[in-house]
Amino acid sequence: MSDFVIIDGNEISFEPGETLLQAAKRAEIEIPTLCWDPRLEPAGACRMCLVEIEGSRLMQPACSYKAAANQVVRTQTSRVQRNREFILSLHLADTIQDRDVMEDNNPSRIHELAEVYGTAGDWTPVAKQRVGRPNDVNKFISFRPDRCILCSLCTRYCDQVEAVSAITLAGRGAHTTISTADERSLTDTTCELCGGCVDVCPTGAMTEKAAVEYGKPERELEKVRTTCNFCGVGCQIDLNIDTEANRIVKVTSPPPGTTVNDGNLCVKGRFANDFVHHEDRLTTPLVREPGGGLREATWDEALDRVVKGLQAASARHGKDSLAFISSSRCTGEENYLMQKLARAGFGTHNIHQCAAT
Amino acid sequence: MEKKGARREAILEILHDRGGLREGVSKEVHQETGVPEADIYGVGTFYHLLSDPDAGVRVCQGLSCKLADSDGLKARFDAEGKKSCFTACLGRCDMAPAFWDPDDEPPLVECALSPSSDAHAIDLAAADGTGYEALARATERGPDWVIDELEASGLTGRGGAGFPAHIKWRAVRNQAETERYVVLNADEGEPGTFKDREVILRRPHLVVEGLAIAAFALEAREIYVYVRGEFGRVKRELAAAIERARELGVLDDSVAWHLVDGHGAYICGEETALLEALEGRRGMPRMKPPFPVEKGFRGKPTLIQNVESIACVPAILNRGGTWFQEAGRTQPGSKLYCMSGHVVRPGVYEAPMGVTMAELLEMAGGVVGTLKAFSPGGASSGFLPADQIDVAMDFAALPKVGSMLGSAGVVVLNDTVDMVEAALNQAVFFEDESCGQCAPCRIGTQILRQMLERYLASGRDASTLEIVDDVSWGMCEASICGLGQAAALPLTSAMKHFPREFGVGTG
């Protein structure tokens, strides 16, 4: 016999240990959250997901509260709704009420939710006491304390998913902020600049310096899904394109649970894309002139030149005078083709791949 | 993520020994313990005695000290060129205005007490015997008898929550897991409260005996005592009593005793925040359930009791649960009430549970001036007006009038007190001491304080207070722990009973 939890009158089966939020998600019952991520231990800190549970005096966070047999849960009562409005008004007063200012780059989940669930009114902005790290010299990630809601997604992600623990909740109470040890630059910590903190941030407090500088909000960019070609893993990435200028403004990762990389990227995939528009980038093959200079050529001409050169060396010095090294950016299939070329095409076992050592 | 085998539990003590969180210290402690450097920084910055080691003399800005001109005291230190800062209630309300110098702990003067009486379970004025008869009786009759007597006594937690003690004891005892802990909460910090300090200073053997009985009844092999960081002498007295009990052969080596320092965070009086501190983390309360009786210290079944609760246990076993039950008037037991503020003899008075405020005032020598209001149980209990002095001071009657007994830290206010200023004082306290984890408390406490400041700055324009109801509703409904749930009460109760001072109505 299965156990059921009863959410808004719907009997929903659940696995032992599952939370109310997980059960509700399966039944497509929407419970709004700000500090939840499927990859992380729940924090229960934003209080957006509070629901009523029969027999419990206080509302409980659906993200961390475990489902139990025959538990009666209500997600649509006036008390639950009033709390959602309260939480959103709080966060708006404690960050930036003007959506256009808030969303100068990243979308703001609090404004999105406020549109759906409403607020308890526009409250006088709180005089904020959080500090940032204005002297952090890293080139990629910026922390803007005026937007931070202390959901701790970034610190939990850094710790639990990346196992890097470069950032932490620091200070207490109104002064609580996100910091590194001794407020050092990220580049002087264990940070690997994966940018996961930027990706999980629901408000743009953690953001990408270059994208903010570019000056166009994410919602005005077109997302183009592609495969990262920095290595063979096959991470899916979304190029965020300014279609008017035909430029990649930044790279984001698809949501967790949707692609092989589960929402994660590394420093190269997320940040190393400025070569695309760089003026020094080669866009056609070049071959060397007898005088030593380079000139543009077709692929056919360039490849002919390579084949002739390799064959001449092989004929003069023997087959094992050649060695082939493939790039760590290649897939398994490409590496297979490379060794085929070495062995079948040039008769040598001198084949290696740069990531193999 | 910390490496397997990282010594997280040690980091707070090491930070303390290094003189606090100076630049470079987190790296050293990281190398020593294997805990990530950023984590150490995050933990260190949470506790004000570690995060600001050079702040100098701490001047109490608790309400009783404020009434006794702590601002003037601070100004005197400034004039003398002595470095000082304001801090939350130091638990020295009987010596208001109080201060604490970490390098030169000021002595505690003799606190006023109720005279010794046979009717008292703790009896602070009596000599602290080392007979340990209750422990002998417990070991002779067994754990079930101990817990049955506790049940008959009706003892409820004296830290503020008033939860029946026997339910916790039995719940820990009934766990299948045999690794269990007893934790004593001696992190006394509720503004207006200084009873646990006096219990340990005057009757340390009662506390040691109560803990030994708990460890015996629950078959726990380790006892942790978490003592507020500013209570150096209290910790030393307790350590001396444990040592004496060992010398007397009352305590054997089957149970390990650990005395742990707090490092400056009121929130660590909340039991799960205290556990986080013991485990070397930021003192942020945990989600409940699971409760500590099931998953507590190190994830194992844990009994956490307040000092006063544990000190009641020997009398309960010596004189019987029924005796204790009958020692109360409206609810079981005798109870320690801390009287401070505008009273003639501030001190700790033991009285039957349910004594009235009028009787307590008489014990403390009466009001200095004319009574206007009082706070029955620390900042978290809000304010009641003078006409409520006949309400029974217990866990049932006070909630009915919109307050609570809490820690029974009674602060008395005479008619010179501006209730707006009093509410602002409590608002500052809760904002300073919020852990910052959940949004309702972290942001709500800032909104309340800033709103009151705007009210005063605007020449008392009531429109600055119009969202009080919405904000206090949400703080009470949505905060994770009791701090945020209670933080709006000083303001809302002051507005309810003294509306005219807040520009509303004619009251």
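This text gives an overview of the structure that appears in the document. (Residues numbered from 1 in each chain as written. Chains lettered and ligands numbered in written order. Predicted model: local features only at pLDDT ≥ 70, side-chain atom pairs only at ≥ 80, totals over all residues. Heavy atoms only, no water.)

**Remarks on the overall build of chain A**
Summing up its helical and strand segments, chain A has ten helices and 16 strands in all. In terms of overall size, chain A is more extended than a compact globule, its C-alpha atoms giving a radius of gyration of 27 Å where 357 residues would be expected to give roughly 21 Å. In terms of overall dimensions, chain A has a C-alpha envelope of 90 × 55 × 40 Å along the principal axes. The burial tally for chain A puts 48% of its 357 residues in the buried class. (Helix = DSSP H or I, 4+ residues; strand = E, 2+ residues; numbered from the N terminus. Rg over C-alpha atoms; globule rule 2.2 N^0.38 Å. Buried < 20%, exposed > 50% of the residue type's maximum accessible area, 1.4 Å probe, protein only.)

**Re the packing of helix 11 (residues 204-218) of chain B against helix 14 (residues 307-319) of chain B**
Residue and element names in this part refer to chain B. The contact between helix 11 and helix 14 brings their axes to 8 Å, and the two run at 80 degrees. In terms of axis orientation, helix 11 runs roughly perpendicular to helix 14. Facing Leu206, Val207, Glu209, Gly210, Leu211, Ile213 and Ala214 of helix 11, the residues of helix 14 in contact are Val307, Ile310, Ala311, Val313, Pro314 and Leu317. (Axes fitted to C-alpha atoms, helices over the stretch in contact; angles between N-to-C directions. Parallel < 35°, antiparallel > 145°, perpendicular 65-115°, else oblique. Contact = heavy atoms within 4.5 Å.)

**Quick look at the environment of Val116(A)**
Tracing the sequence through the fold places Val116(A) in helix 4 (residues 109-117). Sequence spacing of Val116(A) and Pro32(A) is 84 residues, and the spatial spacing of their C-alpha atoms is 9.7 Å.

**A few points about the packing of aromatic side chains**
Under the defined criterion, the tally for this structure stands at 13 aromatic pairs over all chains. Judged by centre distance (6.3 Å) and plane angle (15 degrees), the rings of Tyr455(B) and Phe502(B) are stacked. Note that Tyr455(B) is positioned in helix 19 (residues 439-457) and Phe502(B) in the segment after helix 22 (489-497), a separation of 47 residues in sequence. The buried category is assigned to Tyr455(B), whose relative accessible area is 1%. Ring-pair connections join several aromatic residues into one group, and the members of that group are Tyr181(B), Tyr224(B) and Phe297(B). Here Arg329(A) stacks its cationic end above the ring of Phe230(A), 4.5 Å away from the centre of that ring. (Phe/Tyr/Trp six-rings, centres within 6.5 Å; stacked < 30°, edge-to-face > 60°. Lys NZ or Arg CZ within 6 Å of the ring centre and 35° of its normal.)

**A short note on the side chain of Arg442(B)**
Inspection of the secondary structure assignment puts Arg442(B) in helix 19. Of the buried charged residues, Arg442(B) lacks a salt bridge, with Asp94(A) as the closest side chain of opposite charge at 4.4 Å. Among the polar contacts listed, one links the side chain of Arg442(B) to the backbone oxygen of Ile149(A), at a separation of 3.1 Å. (Lys, Arg positive; Asp, Glu negative; His and termini not counted. Salt bridge = Lys/Arg side-chain N within 4 Å of Asp/Glu carboxyl O. Polar contact = N/O pair within 3.5 Å; in protein donor to acceptor, adjacent residues only side chain to side chain.)

**Remarks on the sheet that holds strand 10 (residues 347-352) of chain B**
Residues and elements named next belong to chain B. Strands sit in the order 4-10-9-13-11-12 across an open sheet of six strands; the sheet is mixed. The open sheet has two edge strands, strand 4 (112-113) and strand 12 (384-385), and neither has a second partner. With four bridges joining them, strand 11 (residues 371-375) and strand 13 (residues 409-414) adopt antiparallel strand pairing. Each residue of the ladder has a partner; that of Ala373, found in strand 13, is Leu413. The strands touched by helix 10 (residues 195-202) are strand 4, strand 9 (334-341) and strand 10; relative to strand 9, the strand with the most contacts, the crossing angle is about 115 degrees. (Pairing = 2+ DSSP bridges.)

**As for the interface of chain B and chain A**
Each partner contributes residues to the interface: chain B has 54 residues there, and chain A has 50 residues. Roughly 3800 Å² is buried in total at the junction of chain B and chain A, and carbon and sulfur atoms are behind 55% of that figure. Contact with chain A buries surface across chain B, with Met1(B), Tyr41(B) and Trp473(B) losing the most and accounting together for 18% of the total. On the surface where chain B and chain A come into contact, there are four salt bridges. Among the salt bridges present, the one from Arg184(A) reaches Glu37(B), with a minimum N-O distance of 3.0 Å. There are 20 residue pairs in polar contact (both at pLDDT 80 or more) connecting chain B and chain A. Put simply, the parts of the chain that give the side of chain B that touches chain A at least two residues each are helix 2 (25-33), helix 3 (37-44), helix 18 (419-433), helix 19 and helix 20 (468-478) of chain B. The dominant element in the side of chain B that touches chain A, judged by the number of residues it contributes, is helix 19 of chain B, at ten residues. (Buried area = accessible area lost by both parts, 1.4 Å probe.)

**What about the nonpolar core?**
Among the nonpolar cores identified, the biggest contains 126 residues, and Met206(A), Tyr47(B) and Phe502(B) are the most heavily contacted of them. Ignoring sequence-local partners within four residues, the contact set of Met206(A) consists of Asn106(A), Ile141(A), Ser142(A), Phe143(A), Cys154(A), Ile167(A), Ile178(A), Cys197(A), Val198(A) and Cys201(A). Val172(B), Leu303(B), Leu317(B) and Phe324(B) belong to the second largest nonpolar core, which has 72 residues in total. (Core = buried A, V, L, I, M, F, W, Y, C linked by side-chain atoms within 4.5 Å.)

**Some remarks on the pattern of salt bridges**
Residue and element names in this part refer to chain A. The final tally for this structure, using the stated rule, is 63 salt bridges over all chains. Here Arg147 ties to Asp104 by a salt bridge, and the two come within 3.5 Å at their closest N and O atoms. Residue Arg147 is located in the loop between strand 6 (141-143) and helix 5 (153-161), and its partner Asp104 is located in the loop between helix 3 (99-102) and helix 4; the two are separated by 43 residues in the primary sequence. Given a relative accessible area of 6%, Arg147 falls into the buried group. By relative accessible area, which is 26% here, Asp104 ends up partly exposed. Two residues, Glu301 and Arg295, come together in a salt bridge whose shortest N-O distance is 2.5 Å. The class for Glu301 is partly exposed, based on a relative accessible area of 29%. On the basis of relative accessible area, Arg295 is assigned to the partly exposed category, the value being 29%. Through salt bridges with shared partners, a single ionic network connects Arg99, Asp100, Glu103, Glu115 and Arg219.

**Here we look at the state of the cysteines**
All names here are of chain B. For the coordinates displayed, the defined rule picks out zero disulfides over all chains. No disulfide involves Cys60; its sulfur sits 3.6 Å from that of Cys65, the nearest cysteine. For Cys60, a relative accessible area of 2% corresponds to the buried category. No disulfide involves Cys93; its sulfur sits 3.8 Å from that of Cys89, the nearest cysteine. (Disulfide = S-S within 2.5 Å.)

**A look at unusual backbone geometry**
Residues and elements named next belong to chain B. Backbone torsion omega between Ala96 and Pro97 reads -5 degrees, so that peptide bond is classified as cis. With respect to the helices, strands and loops of the structure, Pro97 is situated in the loop between strand 2 (84-87) and strand 3 (99-100). With an omega of 0 degrees, the peptide bond running from Pro289 to Pro290 counts as cis. Relative to the helices and strands, Pro290 is located in the loop between helix 13 (271-278) and strand 8 (302-306).

That's the geometry; what it means functionally is another story.
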